[in-house]
Amino acid sequence: MKKIEPKLKHFLVLQQSQKQQKNIKHKKWKREKNKQNQGLSLKQKNWLKSVSNSEVFRPPNVFSLRENAELVLQFLNNLKNHRNRNREVYINLVNVKTITNGSIAILLSVIQELNNKGIRVRGKKPKDKEAKKVIEKSGFFNYVIGAIDEENSISPDTIITKGVEVVEQESTAKIVLQAMKTVTGIEKRNQPIQGMLIELMANSVNHAYPNSRKKKWVLSVNHDDINKKASFAFVDNGVGIIKTLNLNFSQTLKKLFSGNIDLLNTAFEGKIGSRTGLTYRGRGLPSVFNKYKQNYFKDFVVITNDVFIDFQNNKSILLKNSFYGTFYYWELNKDCEYYGKNA
Amino acid sequence: MEKTLKISKDFSPTPGARYRTDGKFSGQEFYETVLKRCFEEILKLKYKLKIILDGTHGYATSFLDEAFGTLAKDFGVDVVKNNVVFISEEEPYLVNEINEYITNAHS
């Protein structure tokens, strides 16, 4: 029989004793954990198990870009910066009290971006009944797996995202008809709004995502039957208008603007060409702004890069938390102009 | 004599964006499949072309710029201006916009 060398024997004994110690430690940890979980339901235990494998993100309680832009953007940026493919993302909306279709649209676009990177995303709905109703009715769960209460299952609210086509004008035409039904009681075309939606969809792809094949946009429409109002939120996760403009400008040209707020305002007013002397072809933003000035829609808000502009309230803010993309929000109501209004 | 082209009927009630790569019913598609041929035909017959913009769900500026800007580039600004009349009751401002795209078309 072959003799085991004393050195090897010593090593094997040591290895065995280390293994035993590890087992004892693990059993102790498991006992402690079970003690902690005592009294929890199976659902709660499963939730704890799933969360322990994920990175948890919690949005602010007021999850509205218009009311709480800085904190919402901080949350979204944290979410976007998650790069670990092996660790899934868990979005815990439990404490959210206010949620709007704009932030739902932007959240969905970030989730899609994470999914494109191969990161799995899961989450929990708000506990607050009203907030839960808003998200369930929004159409969010047509893209994200999740159960919807029966009372919230039928809703005119819609979310569409870029599908096979870059510009989905047939889908937006139907959405505009529905929005006009909410506002006027009758399905009507609204050519300026449809034109604007085509503009935004095309812009998001042709300008917002240079050098990228993963071109995405999200449109969310909320119907308020009581106030006869339809609110639109359009978001793309591209590079943002200011960054796109800056890509085309030299340092000398950049100095012609007093800052990013001035630059964005100038782009909407269609004066980039006259300010810089460049042959500037961008007609999309001025056309959108002209429609706003002609009262075809109201309550126009744009957030892009580090600029927040609320045109209605003449409020411009330079944000601390920059948004890598562009967010548009506007409303249609009975005070807006449309063809045949006075007929 | 004149020939009438109604975009909603002769092309699509849902015109799209600028290029074919953007999706269906783009300005480029409209120019290449409908407008160019129609314009060549009226020039041959010495007719005028009446283009009715009404009846669609709405236009993006990129659609109009691509279609009518390219027409002006290919046939000349004056030839287009002298032979085309635009009608829009639903969005009257479009006529001025299109005339601007024609005038600024680069050859």
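Residues numbered from 1 in each chain as written. Chains lettered and ligands numbered in written order. Predicted model: local features only at pLDDT ≥ 70, side-chain atom pairs only at ≥ 80, totals over all residues.

Topic: the overall build of chain B
For chain B, the count of helices and strands is five helices and three strands. For chain B, whose C-alpha radius of gyration is 12 Å, the value lies close to the compact-globule estimate of 13 Å for 107 residues. Seen along its three principal axes, the alpha-carbon backbone of chain B occupies a region of about 35 × 30 × 25 Å. The buried share of chain B, taken over its 107 residues, is 38%. Put simply, 74% of the contacts in chain B that link residues at least 6 apart link residues at least 24 apart. (Helix = DSSP H or I, 4+ residues; strand = E, 2+ residues; numbered from the N terminus. Rg over C-alpha atoms; globule rule 2.2 N^0.38 Å. Buried ≥ 20, exposed ≤ 12 C-beta atoms within 10 Å, placed from the backbone. Contact = placed C-beta atoms within 7 Å.)

Observations concerning the confidence of the model for chain B
For chain B, mean pLDDT is 95; residues scoring 70 or higher make up 98% of the total. Here the complex is predicted with pTM 0.84, and the ipTM for its interfaces comes to 0.95. (pLDDT = per-residue confidence, 0-100.)

Looking at the domain arrangement of chain A
All names here are of chain A. According to the domain assignment, chain A consists of domain 1 (47–151) and domain 2 (156–343). Centre-to-centre separation of domain 1 and domain 2, based on C-alpha positions: 23 Å. Taken together, the 25 residues of domain 1 in the interface contact 23 residues of domain 2. Among the elements of the structure, helix 3 (69–80) and helix 4 (101–116) are those that each provide at least two residues to the side of domain 1 that touches domain 2. With eleven residues, the single largest contributor to the side of domain 1 that touches domain 2 is helix 4. Residues belonging to the side of domain 1 that touches domain 2 are distributed by class as follows: ten nonpolar, ten polar and five charged. (Domains from an automatic or database assignment. Nonpolar A, V, L, I, M, F, W, Y, C, P; charged D, E, K, R; others polar.)

Focus on helix 5 (residues 93–103) of chain B
Residue and element names in this part refer to chain B. Among all positions in helix 5, only Leu 94, Glu 97, Ile 98 and Ile 102 are buried. Across the axial projection of helix 5, the buried residues extend over an arc of 140°, all falling on one side. Facing away from the buried side of helix 5 by over 90 degrees, the exposed positions are Asn 96 and Thr 103. Next to the buried residues of helix 5 lie helix 3 (61–75), helix 4 (77–83) and strand 3 (84–87). (Arc of directions from axis to C-beta.)

Let's talk about the pairing of strand 8 (residues 229–236) of chain A
All names here are of chain A. Buried residues dominate strand 8, accounting for eight of its eight residues. Neither face of strand 8 is exposed, since Lys 229, Ser 231, Ala 233 and Val 235 on one face and Ala 230, Phe 232, Phe 234 and Asp 236 on the opposite face are all buried. Here eight bridges tie strand 7 (residues 217–224) to strand 8, and the two strands are oriented antiparallel to one another. Bridge assignment links Leu 219 to a residue of strand 8, and that residue is Phe 234. Counted between consecutive antiparallel strands, the loop separating strand 7 from strand 8 contains four residues, among which Lys 228 sits at a positive phi close to 50°. (Pairing = 2+ DSSP bridges.)

A short note on the confidence of the model for chain A
Predicted coordinates in areas of low pLDDT are best not read in detail. Residues of chain A with pLDDT of at least 70 account for 92%, and the chain-wide mean is 87. Mean pLDDT across the elements of chain A bottoms out in helix 2 (residues 42–52) of chain A (69) and peaks in strand 2 (residues 62–63) of chain A (97).

Structural notes on the interface of chain B and chain A
Counting residues at the interface gives 16 residues for chain B, matched by 21 residues for chain A. In terms of residue class, the side of chain B that touches chain A is built from three nonpolar, seven polar and six charged.

A closer look at the sheet that holds strand 5 (residues 121–124) of chain A
All names here are of chain A. The sheet built from three strands is open, its strands ordered 1-3-5 with parallel pairing. At either end of the open sheet lies a strand with only one pairing partner, and these are strand 1 (54–57) and strand 5. Neighbour to neighbour, the strand axes of the sheet diverge by 25° on average, direction disregarded. Note that strand 3 (residues 88–92) and strand 5 share four bridges and pair parallel. Counterpart to Tyr 90 in the pairing with strand 5 is Arg 122. (Axes fitted to C-alpha atoms, helices over the stretch in contact; angles between N-to-C directions.)

Side note on unusual backbone geometry
Residues and elements named next belong to chain A. At Asp 299, a residue that is not glycine, the phi angle is positive and equals roughly 55°. Along the chain, Asp 299 turns up in strand 9 (residues 298–310). The residue Asn 314 is not glycine, and still its phi comes out positive at about 55°. By C-beta crowding, Asn 314 is classed as exposed, having 7 other C-beta atoms within 10 Å.

Side note on the packing of helix 2 (residues 27–45) of chain B against helix 3 of chain B
Residue and element names in this part refer to chain B. Axis separation between helix 2 and helix 3 bottoms out at 9 Å; the angle between their running directions is 40°. Viewed along their axes, helix 2 and helix 3 adopt a mutual orientation that is oblique. In terms of crossing hand, the pair formed by helix 2 and helix 3 is right-handed. On helix 3, the residues touching Gly 27, Gln 28, Phe 30, Tyr 31, Leu 35 and Phe 39 of helix 2 are Ser 62, Phe 63, Leu 64, Asp 65, Glu 66, Ala 67, Thr 70, Leu 71 and Phe 75. For the contact of helix 2 with helix 3, a count of residues per class yields nine nonpolar, four polar and two charged. (Parallel < 35°, antiparallel > 145°, perpendicular 65-115°, else oblique. Left-handed = near helix turned anticlockwise from the far one by under 90°.)

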